[in-house]
Amino acid sequence: MNRTTLSLIAGATALAAVTGFAALSTPDTSGDSTAKAAAQLPVERTSLLCPEPSSSDLAETSYTAFTPVTKGAGGSGKAELAAANGQSADGSTAGKSGKSGKKDTGAPVVRPKEPGKPVTGTAEGAETPGLIGTATGRFAPGWTVQETTQVAAGTGRGLLGTNCAAPDSEFWFPGAGTADGRTDYVHLTNPDDSAAVVDIELYGKDGALKSTLGEGITVQPHSSEPILLSTLTDETDTDVTVHVTARSGRVAAAVQALDDKLGGDWLAASADPAGSLVLPGIPKDATDVRLVAFTPGDSDADLRLRLASPTGQITPAGNETLHVKAGMTAAVDLGDVTRGEAGSLLLTPSDTSVPVVAALRVVRGKGDKRETAFIPATAPVGTRATVAGNRSKGTTLALTAPARTTQVKVTASAGSGGGTPVTKTYTIKAGTTQNVDAPVPSGLKGTYALTVEPVSAGPVYAARTLEAAGEGLPAFTIQTLPDDRGAVAVPEAEQDLSVLQK
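No experiment lies behind these values; they were computed from the predicted model shown.

Some points on the packing of aromatic side chains
- Counted under the stated rule, the structure contains 3 aromatic pairs.
- With a centroid separation of 6.3 Å and an interplanar angle of 15°, the aromatic rings of phenylalanine 171 and phenylalanine 173 are classed as stacked.
- Here the aromatic cluster, defined as three or more aromatic residues joined through ring pairs, consists of Trp172, Tyr203 and Phe294.
- Here the guanidinium or amino end of arginine 364 rests over the ring plane of phenylalanine 476, the centre of that ring lying 4.9 Å away.

What follows is the structure, given as structure tokens:
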């Protein structure tokens, strides 16, 4: 057997192990052995991890799991969310529980029955552990899980929400804090059968914060670890960038940012460092918007700030640019930058392009009736993106087309308790952000999912805001909608197998 054939078979076998789709086929009758172009095929397995929702006894948490119907997906498979308490999904012991000491005290296990219909679960109090979930077969492409918690009083009161995240090896969180009045945790969840070893670095306005306790943190198999940031350093800073890296294994990471006066929410990871970033879906009634940015390289970054409004791009008065020193966290208050209109923040280089990460802290309300949410820089919708946990009231979908006019199809799924899907198509003009009148399933019962799909040239960015009644408190949370990674590019390898007989 020649070396080329061996390499091809080895490569295709490795790809098949990852995706389940790669295959070798016999050559066609013409003798042409040129490999065909990569095909976009549905993924066969997706992992999502939900952090421990709250340490408050007053917390009420709901989970909504959903898989959009995907053409070409397999006819079998399953999905399940189970407690991250040191046990695998089948109940076998795989390791000890995390440092938090939380136990499986009847935490919801969510099992969708079919793609296209959401399924929900609930939990109450402070003993709810993190959840580890796996979807296979027809449930895997585009599987999404929303975790939403309402806390009636105390530090971090209000509405906290997050899209449960896929495991990875590196995360950036600009927008955290260690100042007085802040209680911020970074939650680490390990889905695998072996321990993960993680490093946490903190960067403030003057550079790296002194810390040795953030090195070599062990996250046991099938467990969740909440790490209080103030225990990692003696230094206090209003604006901190958190860098999480896995030395070995992989984890999902999210920051729970809690403020004594401003409530709290989940801060999801920023998009990968890039020269240009989009932060979509600033509420039109935001009373204060704060931009936090960080550049991980050795060069300073100079950013141009623009707001994509419903009528076009404008430059925030007095905040035309932001200088970000290398290795230091920069922040600027933009005030009520949206001034009663929908908006998204666009960051572009004003000179040389330098990779940065960024997030917005958004405040609604005034005085004692204020609440906080976060908008990290995000990737575009891509082929398709989905967000679950929507309600008939209090759901706002923001769509941004920073470069060119784009048509976008939005589908409201069936409800978790009943209802018929509805689809609408919207035109988003170049350089604008629109709060669209998102469709609601006819005859809706329960919650539903929104799936966003561009139908013409993009890119398009999206964010969803959820609101809830809270005794005069403007309780809200915001989730961005990056591509759901429901498909994988798989080349069809073709090779003349007759050489195997020589």
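Looking at the state of the cysteines
- As enumerated under the stated definition, the model contains 1 disulfide in all.
- Through a disulfide, cysteine 50 is tied to cysteine 164; the S-S separation comes to 2.0 Å. Since a negative S-S torsion denotes a left-handed disulfide, the cysteine 50-cysteine 164 link at about 110° is right-handed. With cysteine 50 in strand 3 (residues 45-50) and cysteine 164 in the loop between strand 9 (158-163) and strand 10 (170-176), this pair connects stretches of sequence that are 114 residues apart. Residue cysteine 50 shares its accessibility class with cysteine 164, and that shared class is buried.

A short note on the environment of threonine 432
- Its location among the elements puts threonine 432 in strand 33 (residues 432-436).
- On the basis of relative accessible area, threonine 432 is assigned to the buried category, the value being 3%.
- Here the alpha-carbon distance between threonine 432 and proline 402, two residues 30 residues apart in the chain, equals 6.4 Å.
- When residues no more than four places from it in sequence are discounted, the contact partners of threonine 432 are Ala308, Ser309, Pro310, Thr311, Gly312, Leu399, Thr400 and Ala401.
- Here the side chain of threonine 432 touches glutamine 434 through a polar contact of 3.4 Å, side chain to side chain.

Some words on empty space enclosed by the protein
- What the rule picks out here adds up to 2 cavities of 30 Å³ or more.
- As a volume, the largest cavity reaches approximately 50 Å³.
- Along its surface, the largest cavity is lined by Arg182, Ala257, Leu258, Asp259, Leu262, Gly263, Gly264, Arg361, Thr372 and Phe374.
- Secondary structure elements with two or more residues in the lining of the largest cavity: strand 17 (252-259), strand 18 (263-267) and strand 27 (369-376).
- Examining the composition of the lining of the largest cavity, we find that 3 residues originate from one element, strand 17, more than from any other.
- Here the lining of the largest cavity is composed, by residue class, of 4 nonpolar, 3 polar and 3 charged.
- For the second largest cavity, the calculated volume is near 40 Å³.
- Along the walls of the second largest cavity sit Gly175, Arg182, Thr238, Asp239, Arg290, Val292, Arg361 and Phe374, which together make up its complete lining.
- In the lining of the second largest cavity, the residues fall into 2 nonpolar, 2 polar and 4 charged.

Comments concerning unusual backbone geometry
- Within the chain, histidine 222 stands out as a residue other than glycine whose phi angle is a positive 50°.
- Within the secondary structure, histidine 222 is located in the loop between strand 14 (217-219) and strand 15 (223-228).
- Phi angles above zero are rare outside glycine, and arginine 485 is one such case at about 50°.
- Along the chain, arginine 485 falls in the loop between strand 37 (475-480) and strand 38 (487-490).
- Note on arginine 485: relative accessible area 54%, which makes it exposed.

So, the sheet that holds strand 3
- Read from one edge of the open sheet, 3 strands run 3-7-5, paired in antiparallel fashion. Unpaired on one side and paired on the other, strand 3 and strand 5 (79-83) mark the two borders of the sheet. Taking each pair of neighbouring strands and ignoring which way they run, the sheet shows an average axis angle of 15°.
- Two strands pair when backbone bridges link them, and strand 3 and strand 7 (residues 131-136) are joined in this way by 6 bridges, in the antiparallel orientation. Directly across from arginine 45, in strand 7, lies its bridge partner threonine 136.

Let's talk about the layout of surface pockets
- Here the largest pocket is characterised by a volume of approximately 1,400 Å³.
- Of all the secondary-structure elements, those providing two or more residues to the lining of the largest pocket are strand 3, strand 8 (144-151), strand 9, strand 10, strand 11 (182-190), strand 17, strand 27 and strand 37.
- If you tally residues by element for the lining of the largest pocket, the top one is strand 3, at 5 residues.
- Looking at the lining of the largest pocket residue by residue, the class counts come to 28 nonpolar, 14 polar and 8 charged.

What counts and how
Residues numbered from 1 in each chain as written. Predicted model: local features only at pLDDT ≥ 70, side-chain atom pairs only at ≥ 80, totals over all residues. Heavy atoms only, no water. Phe/Tyr/Trp six-rings, centres within 6.5 Å; stacked < 30°, edge-to-face > 60°. Lys NZ or Arg CZ within 6 Å of the ring centre and 35° of its normal. Disulfide = S-S within 2.5 Å. Helix = DSSP H or I, 4+ residues; strand = E, 2+ residues; numbered from the N terminus. Buried < 20%, exposed > 50% of the residue type's maximum accessible area, 1.4 Å probe, protein only. Contact = heavy atoms within 4.5 Å. Polar contact = N/O pair within 3.5 Å; in protein donor to acceptor, adjacent residues only side chain to side chain. 1 Å grid on protein atoms, 1.4 Å probe; cavity = no way out; pocket = protein on both sides within 12 Å on 5 of 7 lines; lining within 4 Å. Points joined across faces, edges and corners; volume = space filled by probe spheres on them. Nonpolar A, V, L, I, M, F, W, Y, C, P; charged D, E, K, R; others polar. Pairing = 2+ DSSP bridges. Axes fitted to C-alpha atoms, helices over the stretch in contact; angles between N-to-C directions.

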